[in-house]
Amino acid sequence: MATNNSQDSFKDNTPEKPLTSRTKSSVVAQFKSRRKSEFDVDALCDSLLAGNITALSKAITLIESTKAEHRPLAHQVLQKCLPYSNKSVRIGITGVPGVGKSSFIEALGCLMASKTNKVAVLAVDPSSSISMGSVLGDKTRMQELSKHPDVYIRPSAAGSTLGGVARKTRETILLCEAFGFQTIIIETVGVGQSETVVHSMVDFFLVLKLSGAGDELQGIKRGIIELADSIVINKADGDNLQRAKIAKADFSRALKLYPPKEMGWRPKVLLTSAIENKGIVEVRDLIDYYIKSSKENSNFEQKRQQQNKFWLFQSIDEHLKDSFYQRPEIQAELQAQLKAVEDHKITPFAAAQYLISLLLRDTKPLK
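The numbers attached to residues start from 1 for each chain and follow its sequence in the written order. In keeping with the model being predicted, local features are shown solely for residues with a pLDDT of at least 70 and side-chain atom pairs are shown and tallied solely at 80 or more, while totals for entire chains, interfaces and linings include all residues. In computing side-chain properties, one takes all heavy atoms of the structure into account and sets aside hydrogens as well as water.

Undergrad: What should I look at first to understand the packing of helix 3 (residues 41-49) against helix 4 (residues 53-64) in this one?
TA: Helix-helix packing is characterised by the crossing angle of the two axes and by the distance between the axes. The angle between two axes is taken between their N-to-C directions and runs from 0 to 180 degrees, where each axis is a line fitted to C-alpha atoms and a helix contributes only its stretch in contact. Secondary structure elements are defined from DSSP: runs of H or I of at least 4 residues count as helices, runs of E of at least 2 residues count as strands, and each element is numbered from the N terminus. Remark: helix 3 packs on helix 4, axes separated minimally by 7 Å, with the N-to-C direction vectors making an angle of 130°. The angle between the axes of helix 3 and helix 4 places the two elements in the oblique class. For the crossing formed where helix 3 meets helix 4, the hand is left-handed. Within the contact between the two elements, helix 3 uses Leu-44, Ser-47 and Leu-48 and helix 4 uses Ala-55, Leu-56, Lys-58 and Ala-59. Gly is put with the polar residues, along with every residue not named as nonpolar or charged; the nonpolar set is Ala, Val, Leu, Ile, Met, Phe, Trp, Tyr, Cys and Pro, and the charged set is Asp, Glu, Lys and Arg. Broken down by class, the residue content of the contact of helix 3 with helix 4 amounts to five nonpolar, one polar and one charged. When an angle is under 35 degrees it counts as roughly parallel; over 145 it counts as roughly antiparallel; between 65 and 115 it counts as roughly perpendicular; any other value is oblique. Put simply, a crossing is left-handed when the front helix is turned counterclockwise from the back one by less than a right angle, and right-handed when it is turned clockwise. Note on contacts: a residue pair qualifies if any of its non-hydrogen atoms lie within 4.5 Å across the two residues.

In structure tokens:
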């Protein structure tokens, strides 16, 4: 009996032409060109503003990209989303590793999140100074919060950025506000006293402390405490409860030595236990009271204006730095100067001056 092999009947017996390196390059170039042309900024922004969480994630990935070709697109997205931003309460939370930031944020976020108050958590993980890698395990640590229907958690790597935040956290805040999140929590790396950056992008800055870990004396020092709007002694439970109460009294006395902040505000010291869910309501109420008071006396808007000015200068510095390293003449000469510094033939300062002179030589003077 004859059999009809349908697969054989559709076979193309024409021998395939092998792809040459030139052909492969052409195919790759065509694919990249098609992918670029298919990127629609208007469609992405429309989806984001309509509440598409995938569009929000894509937009954040775009602005976090370090590729030069993505920058114009990122600027367009931010410009289109800007009119819909600036309508949230921004809360910065910092603390040393092990203080319980993730557990505290999970408890606070679950309390705050609702249909009428959507919460975005921008969690920043420290990056390795060797491999520049990050674990990005905040969603794993915040299991209950990550399942909440009105919560969005976006982990990012700090990279080489100082201040405990990611390179594009500020821009990410604007996108989350445009999406419709009313409360945005920024969890910082917790890098000690270089928290000026996160303080310059939030409305309420909360510092988590841990008693009984040698943190009390360091915590009372000037620096980060001057920036704090509230200090929270976390893990105030079990055998640590009494030590937490002593730490609260110590911080309360120390804060009296500092002058009042804007609008006469003096930072409050609270006790919490994220595991036992104690003291979280008091923290939420304190934040609400602070925000309400600052809006009533116009301090809220004044602070936002000052922060915008700060980020103008930060953006200029970032742009100049990126432009410097992307110039071909700098890239060509940089390795030679690095080798000369390693061989002790030139000082780092002189090498830097030489590289900058290359930039200034080709820069046209302003008329």
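Undergrad: Would you mind showing me how to read unusual backbone geometry here?
TA: Comment: phi is negative for the bulk of residues other than glycine, and the bulk of peptide bonds are trans. Backbone geometry at Ser-298 places phi at a positive 70°, although glycine is not the residue there. Residue position: Ser-298 is located in the loop between helix 14 (280-296) and helix 15 (299-326). Relative accessibility thresholds used throughout: buried, under 20% of the residue-type maximum; exposed, over 50%; partly exposed, between the two (1.4 Å probe, protein chains only). Judged by relative accessible area, Ser-298 falls into the partly exposed class, the value being 41%. The phi dihedral of His-344 falls on the positive side, at around 60°, and the residue is not glycine.

Undergrad: So what exactly am I meant to see when it comes to the nonpolar core here?
TA: Within soluble globular proteins, side chains that are nonpolar tend to cluster in buried spots. To define a nonpolar core, start from buried Ala, Val, Leu, Ile, Met, Phe, Trp, Tyr and Cys residues and group those joined through side-chain atoms within 4.5 Å. Counting 45 residues, the largest nonpolar core has Leu-48, Leu-56, Val-77, Leu-175, Phe-181, Ile-184 and Ile-231 as its most contacted members. It is helix 4 that provides the largest number of residues to this core, a total of six residues. Apart from residues lying up to four places away in sequence, Leu-56 is in contact with Leu-48, Tyr-152, Leu-175, Cys-176, Phe-179 and Phe-181. Of all hydrophobic cores here, the second largest spans 32 residues; its members include Val-119, Ile-185, Leu-208 and Tyr-290.

Undergrad: For this particular structure, what's the right way to read the packing of aromatic side chains?
TA: We describe a pair of aromatic rings using the distance from one ring centre to the other and the angle between the two ring planes. Stacked, tilted and edge-to-face are the three classes applied to pairs of Phe, Tyr and Trp rings, where Trp contributes its six-membered ring and a pair requires centres within 6.5 Å; stacked means planes under 30 degrees apart, edge-to-face means over 60, and tilted covers the rest. Here the structure, examined in full by the defined rule, presents seven aromatic pairs. Ring geometry for Phe-179 against Phe-181: centres 5.1 Å apart, planes inclined by 20°, an arrangement best described as stacked. Judged by relative accessible area, Phe-179 falls into the buried class, the value being 15%. Ring geometry for Phe-324 versus Tyr-325: centroids 5.2 Å apart, planes at 85°, classification edge-to-face. For Tyr-325, a relative accessible area of 43% gives the class partly exposed. Members of the aromatic cluster, connected to one another through ring pairs, are Phe-204, Trp-265, Tyr-289 and Tyr-290. Two conditions define a charge sitting above a ring: the NZ of Lys or the CZ of Arg must be within 6 Å of the ring centre, and it must be within 35 degrees of the ring normal. Its guanidinium or amino end placed over the ring of Trp-265, Lys-268 lies 3.9 Å from that ring's centre, counting from NZ or CZ. Above the face of the Phe-300 ring, Lys-295 is positioned so that its terminal group lies 5.0 Å from the ring centre.

Undergrad: Hey, could you run me through the pattern of salt bridges in this one?
TA: One side chain can pair with another of opposite charge once the charged atoms of both are near each other. When a carboxyl oxygen of Asp or Glu is within 4 Å of a side-chain nitrogen of Lys or Arg, the pair counts as a salt bridge. A full pass over the atoms with the stated rule returns 17 salt bridges. For the salt bridge of Lys-261 with Asp-229, the shortest nitrogen-to-oxygen distance reads 3.8 Å. Taken together, the residues span a long stretch of sequence, with Lys-261 in the loop between helix 13 (241-255) and strand 7 (268-271) and Asp-229 in the loop between helix 12 (224-227) and strand 6 (230-234) at a distance of 32 residues. Residue classification places Asp-229 among the buried residues on the basis of a relative accessible area of 0%. Salt-bridge contacts for Lys-303 lead to Asp-229; the nearest nitrogen and oxygen are separated by 4.0 Å.

Undergrad: Just to check I follow, could you spell out helix 16 (residues 328-342) for this structure?
TA: Spacing of three or four residues puts side chains on the same side of an α-helix, whose turn is 3.6 residues. With 15 residues, helix 16 should reach 21 Å at 1.5 Å per residue; the first-to-last C-alpha distance of 22 Å fits that figure. Its axis deflected by about 30° at Leu-334, helix 16 carries its strongest bend there. Those residues of helix 16 hidden inside the fold are in contact with helix 15 and helix 17 (348-361). In the stretch just after helix 16, His-344 is the one whose phi turns positive, near 60°. For a helix, the expected span equals 1.5 Å multiplied by the number of residues minus one. To get the bend at a residue, fit one axis to the 7 residues ending there and another to the 7 starting there, then take the angle between the axes.

Undergrad: When you look at the environment of Ala-236 in this model, what are you seeing that I'm missing?
TA: Relative to the assigned elements, Ala-236 resides in the loop between strand 6 and helix 13. Measuring from C-alpha to C-alpha, the distance between Ala-236 and Glu-276 comes to 9.2 Å, with 40 residues separating the pair along the chain. Among residues more than four places away in sequence, those in contact with Ala-236 are Leu-241, Ala-244, Leu-271, Thr-272 and Ser-273.

Undergrad: Any chance you could explain the environment of Phe-251 here in plain terms?
TA: Locating Phe-251 in the fold gives a position in helix 13. By relative accessible area, Phe-251 is classed as buried at 3%. In sequence terms Phe-251 and Val-269 are 18 residues apart; their C-alpha atoms lie 7.1 Å from each other.

Undergrad: What am I meant to see in the confidence of the model for the protein here?
TA: Low pLDDT marks regions whose predicted coordinates should not be analysed in detail. Values of pLDDT, which run from 0 to 100, indicate the predictor's confidence residue by residue. Residues at a pLDDT of 70 or more form 75% of the protein, whose mean pLDDT is 81. Between residues 1-12, whose pLDDT stays under 50, and residues either more than four places distant or in other chains, the model counts zero contacts. This model gives residues 127-137 a pLDDT under 50, and the stretch forms 19 contacts once residues within four places in sequence are excluded.

Undergrad: I tried to follow the pairing of strand 1 (residues 89-94) on my own but got confused; where do I start?
TA: If a strand is regular, its side chains alternate between the two faces of the sheet. Extensive coverage of strand 1 is indicated by the burial of six of its six residues. Relative to strand 5 (residues 204-210), strand 1 runs parallel, the two sharing four bridges. Among the inter-strand pairings, Ile-93 is bridged to a residue of strand 5, identified as Leu-206. Strands were regarded as paired on the criterion that DSSP finds at least two bridges between them.

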